[in-house]
Amino acid sequence: MYNFDEVIDRRNTNSLNTDGFRSYIFHADETMTFPYKDEEFIRMWVADMEFATPEVIIDAMRERLDQRIFGYTRVFSNDYYEAVSSWCKRRYDWDFKKEELVTSNGIIPALYELVDYICKPDEKVLFSTPSYAYFKYAADYNNREYVCSDLADNNGRYTMDFDDFEKKAADEKTTLFIFCNPHNPTGRVWTEEELKRLAAIIEKYGLWVISDEIHCDLTRQNQKHIPLGKIMPDYKKLITCMAPSKTFNLAGMMISNIMIRDEALREIWFSRHYNFDNPLSVAASQAAYERGEPWLKELCAYLDKNFEFTKAYLADHLPKAVFSISEATYLAWVNLKEYFNKDEELPMFFAYEAGVLLEGGNMFVQNSDRYIRLNLACPRAVLEEGLRRICKAVNEKSNNR
Ligand SMILES: Cc1ncc(COP(=O)(O)O)c(C=O)c1O
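These remarks concern the structure in this document. The shown structure was predicted, so the numbers you read here are calculated from the model rather than taken from an experiment.

Observations regarding the nonpolar core
Most often, soluble globular proteins have nonpolar side chains that are buried together. In this structure, F177, F179, I202 and L228 are the most contacted members of the largest nonpolar core, which totals 38 residues. When contributions to this core are tallied by element, the ones reaching two or more residues are α2 (21-26), α7 (162-169), β7 (174-180), α8 (192-205) and α9 (228-231). At five residues, α8 tops the list of elements feeding residues into this core. Contacts of L228, omitting those with residues within four sequence positions, involve F179, N181, L195, I202, V209, S211, E213 and L238. Counting residues in hydrophobic clusters, the runner-up holds 37 residues, among them F248, L299, Y302 and L303.

Below is the structure:
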């Protein structure tokens, strides 16, 4: 039994979560003040967890430390491939070839590179909105235009608008679709039927597709993730991104796995990518896939309970909030349209009025106004206090109207 109720102090570790919120959420510096001290905030924003990384991973890093030399490192061993591929085979019944696997210091840097390698200067990147903002930033960074296809919100459960998606895919200048599978921030685990429909459109227009599957290990226990690569087994213009970073709280170790099917694209990657890894990260990632599964199982059970608690708490205290339990991720996506006017700055409201740091509003490109995203990967006691403060602040605001 792992203790997910333990509260761990993260201050003074250069953690973005505790020390970087002013710049990230508010584009401000230390001169920005709040009615709360920094240590008094309940932090439910950036997508990392308040839980300790499993001991089996820390042990592997210790073992690597004990070897005492940390020279230039790249994944050469077959063991690393074996660890990642057997994880995918066991959990998702999905295979990829050894030569397809490359590593990157994160999925964000891989997206930044791949947009450049794939899209000519006048070509466009397509993604579904609301969206993880770095999909847009990857286009912006490379001076590529982007096109959004809004998802439809059906009382908290999101679906793709396939007609709109196809219209946008049909533009011959749209050459790359960045797909979030499962989807952040809406929490959708796409069904086989949805994936097949999507795959048919991708194939029809010959799009490149990057399937960002970073959240795939964090499904609710009644859900099943399907890699897009399994639906499109022979499609060469597909890149799959996975990582131990969300799953095992290793984002700071900066290692992710990118499976590139197309040989010519792989050649570009190898000729232009800064191709070294951190030796501690390689040890951590391999150990995670080899030995982290029992911990992950308990984590998912704990997260399921946090979602159930959140659902019940919101129903009791904010009955007009629309929320359905995310099928994957540890992120709750809550519609507060009944409580706020357009253009209200939600992260600012909750920081000032509730002492809660969260993401929301326009932080997800578009089609996200008056929603908040809550990170539920925290001890239950922290979650309870966060929700208590959120509901109290919203109810006080509504009563004062
Ligand atoms: C969909 C998605 N992709 C990528 C990332 C970040 O990836 P990395 O830390 O590997 O750069 C996140 C983090 O929240 C995410 O939600």
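Some remarks on helix α12 (residues 293-317)
Compared with an ideal rise of 1.5 Å per residue, which puts 25 residues at 36 Å, α12 spans 36 Å between its outermost C-alpha atoms and is within 8% of the ideal. All of the buried residues along α12 are W295, L296, L299, C300, Y302, L303, D304, N306, F307, T310, Y313 and L314. Lining the buried residues of α12 we find α4 (78-92), β11 (331-335) and α14 (380-399).

With respect to the site of the ligand
Around the ligand lies a shell formed by A47, G106, I107, I108, P109, Y132, C180, N184, D212, I214, H215 and K246. The contact in question runs from an oxygen atom of the ligand to an N or O atom on the backbone of I108, over 2.9 Å. Contact distances for the ligand include 2.8 Å between an oxygen atom and a side-chain N or O atom of N184. For the ligand, whose accessible area on its own is 400 Å², the fraction buried by protein is 91%. Per-element tally for the shell around the ligand: the top contributor is helix α5 (residues 107-118), with three residues. Here the shell around the ligand is built from residues that sort into seven nonpolar, three polar and two charged.

Calculation notes
Residues numbered from 1 in each chain as written. Predicted model: local features only at pLDDT ≥ 70, side-chain atom pairs only at ≥ 80, totals over all residues. Heavy atoms only, no water. Core = buried A, V, L, I, M, F, W, Y, C linked by side-chain atoms within 4.5 Å. Buried < 20%, exposed > 50% of the residue type's maximum accessible area, 1.4 Å probe, protein only. Helix = DSSP H or I, 4+ residues; strand = E, 2+ residues; numbered from the N terminus. Contact = heavy atoms within 4.5 Å. Expected span 1.5 Å × (residues − 1). Near = heavy atom within 4 Å. Polar contact = N/O pair within 3.5 Å; in protein donor to acceptor, adjacent residues only side chain to side chain. Areas by Shrake-Rupley, 256 points an atom, 1.4 Å probe, with all protein chains shown as cover. Nonpolar A, V, L, I, M, F, W, Y, C, P; charged D, E, K, R; others polar.

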